Amino acid sequence: MSVTIYYNPRCSTSRATLNLLRERGVEPVVIEYLMTPPTVEELTALLGLLGLSARQILRKKDAKAVGLEATGLEETALIAAMVENPAVIERPIVVANGRAVLGRPPEKVLELL
């Protein structure tokens, strides 16, 4: 089984989720999404797997810092803004078996295993 985690090493929840996967014997592909942001297509696909809108995975505090929190941007424009400002994407996102979950709380990823 291939597992991918979109990860921020400075985030305690990201670290806890990665540790939980490894404790379960899963060594995921780790994408540090701040260093390697998803493309518009990749983020759109992730949202489809998550079953969430871009606004639902928008980190409010970080979005406010870059002026995105109160905007009336349409979905496609918001996705483009998130790709340009990846710090506003909620994390971690874990993908496995054609599904994805937001690892908040970290135990949520166990649904994929």
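Now for a quick tour of the structure. Owing to the predicted nature of the structure, the values given are computational and were not obtained by experimental measurement.

Procedures and definitions
- Residues numbered from 1 in each chain as written.
- Predicted model: local features only at pLDDT ≥ 70, side-chain atom pairs only at ≥ 80, totals over all residues.
- Heavy atoms only, no water.
- Pairing = 2+ DSSP bridges.
- Helix = DSSP H or I, 4+ residues; strand = E, 2+ residues; numbered from the N terminus.
- Axes fitted to C-alpha atoms, helices over the stretch in contact; angles between N-to-C directions.
- Contact = heavy atoms within 4.5 Å.
- Expected span 1.5 Å × (residues − 1).
- Buried < 20%, exposed > 50% of the residue type's maximum accessible area, 1.4 Å probe, protein only.
- Arc of directions from axis to C-beta.

### A closer look at the sheet that holds strand β1 (residues 3-7)
Within a sheet, each strand pairs with its neighbour through backbone hydrogen bonds, oriented either parallel or antiparallel.
Then, number 1: Pairing in this open sheet of four strands is mixed, and the strands run β2-β1-β3-β4 from one edge to the other. The open sheet has two edge strands with one neighbour each: β2 (29-32) and β4 (99-102). Geometrically, the sheet is characterised by an average inter-axis angle of 20 degrees between neighbouring strands, direction not taken into account.
Then, number 2: Relative to the sheet, helix α1 (residues 12-23) contacts β1, β2 and β3 (93-96), its axis offset from that of β1 by approximately 160 degrees.
Then, number 3: Packed on one face of the sheet, helix α2 (residues 40-50) meets β1, β3 and β4 and runs near 85 degrees to β4.

### Notes on α1
A turn of α-helix holds 3.6 residues, and therefore any two residues three or four places apart point the same way.
Then, number 1: In this model α1 runs 16 Å from its N-terminal to its C-terminal C-alpha over 12 residues, within 8% of the 16 Å that 1.5 Å per residue would give.
Then, number 2: Those residues of α1 not exposed but buried are Thr-13, Ser-14, Thr-17, Leu-18, Leu-20 and Leu-21. Taken around the axis of α1, the buried residues stretch over an arc of 160 degrees, which confines them to a single face.
Then, number 3: Against the buried residues of α1 lie β1, β2 and β3.
Then, number 4: Just downstream of α1 lies Gly-25, where phi reads positive at about 80 degrees.

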